[in-house]
Each structure stands twice: as C-alpha cells, then as structure tokens.
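In case you want the letters, here they are:
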Amino acid sequence: MSVTMQSAEWGTSAELVRLLDQANGLAHAVGRSDAVERLARARARIATRRMRVLVVGAPGQGATSLVQALDQASADRLPGASFVDAGGPAGSNQPMVPEPGSADVVLFVSDAGQEYGPVELDTLARIRAQGIALAGVLTKIDVYPGWAEVQRANRSRLQAANL
C-alpha cells in the first residue's frame, strides 16, 4: 500500500515520530525486520530535523534584524529552528519568493511605514500558493506611531485578496 500526502497535511515532527513508532511496532509484531529498519531510519531523520524558517522581505524592511533576534532567542525558546534571511534578488527591491521545499515556514517582513501594495500582495500570493506556512511580521513599530493603522490596512488588503 502506498500513501501520498502533501507536506501541509503531515502535522508536527512529534506527531510523525509517534506515527512512525506505531508503524514500527506493527512491523515488529509481524516480523518485518526490513520495515523496522527503514522506519527506524525515517524516525531518526525526522526526530533530528530542524524547522527551516525563511525570513523574506524587501531590502530595508528589517528582515536581517529579525533573524538576528530570532537566532538569539532560538536556543532557549525555539529549539530545533533555523532562521535564514532570504534577501531579494540581486539589484532588486522585490521580496524573494522561496523555491518550493526550501522552507517549512516563511515569515514575510514589512515595516510599519507603508501598507502592502501590489508587489507585496503578489509575493504573498505566490508563497501561499506553494502551501508553505506563512506569517506576516510588521517591523519598526517603534519608529512609526501610525503602525496600528498600517496593520489594519494590511489585514483588509489581505482579506480583499483572499489571502
């Protein structure tokens, strides 16, 4: 029997480890040592796998500062996560769209100085279409006193775009 699932349906690594442990027990019970070994290798890969968090945003939006802060916090609060600052294409002011399978989670960074425009909405739609977990991060709220209005406007634009 073959089962195919999309990565978004798999659940957490802990859930996968539990499922592999159950499958391993079943394989052991029916004497399938070959399956027991394969399941044990798969479990080891998943149990030690780091969550890949890609931080994307146009240049100057605060992605690098966010990655630095997350890296400092990750050892204590976010074990097993690795953070990558994914700058846009060379010579471009456009945010990067990650390659499929390159990240488990994407944090889309924009500063509180301006609302999402067509470029940001297009980038978010392209990332979302890949099925990658996606969250928006509003940076520099200490610099822009009107950040809450920008946040509300961004939410409205996301809803209007069905994102």
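Residues numbered from 1 in each chain as written. Predicted model: local features only at pLDDT ≥ 70, side-chain atom pairs only at ≥ 80, totals over all residues. Heavy atoms only, no water.

Caption draft 1: Structural detail: the packing of aromatic side chains. Applying the stated criterion to the full structure yields 1 aromatic pair. With 5.9 Å between their ring centres and 75° between their planes, phenylalanine 108 and tyrosine 116 make a pair best called edge-to-face. We classify phenylalanine 108 as buried; its relative accessible area is 1%. Since its relative accessible area comes to 5%, tyrosine 116 is described here as buried. (Phe/Tyr/Trp six-rings, centres within 6.5 Å; stacked < 30°, edge-to-face > 60°. Buried < 20%, exposed > 50% of the residue type's maximum accessible area, 1.4 Å probe, protein only.)

Caption draft 2: Up close: the pattern of salt bridges. For the structure on display, the rule yields 8 salt bridges. Between arginine 157 and glutamate 115 there is a salt bridge; the shortest N-O distance is 2.8 Å. Here the residue arginine 157 occupies a position in helix H5 (residues 147-160), and glutamate 115 occupies one in the loop between strand S3 (105-111) and helix H4 (118-129), the gap between them amounting to 42 residues. With a relative accessible area of 33%, arginine 157 lands in the partly exposed category. The exposure class of glutamate 115 is partly exposed, given its relative accessible area of 33%. Members of the salt-bridge network, linked through shared partners, are Arg32, Asp34 and Arg38. (Salt bridge = Lys/Arg side-chain N within 4 Å of Asp/Glu carboxyl O. Helix = DSSP H or I, 4+ residues; strand = E, 2+ residues; numbered from the N terminus.)

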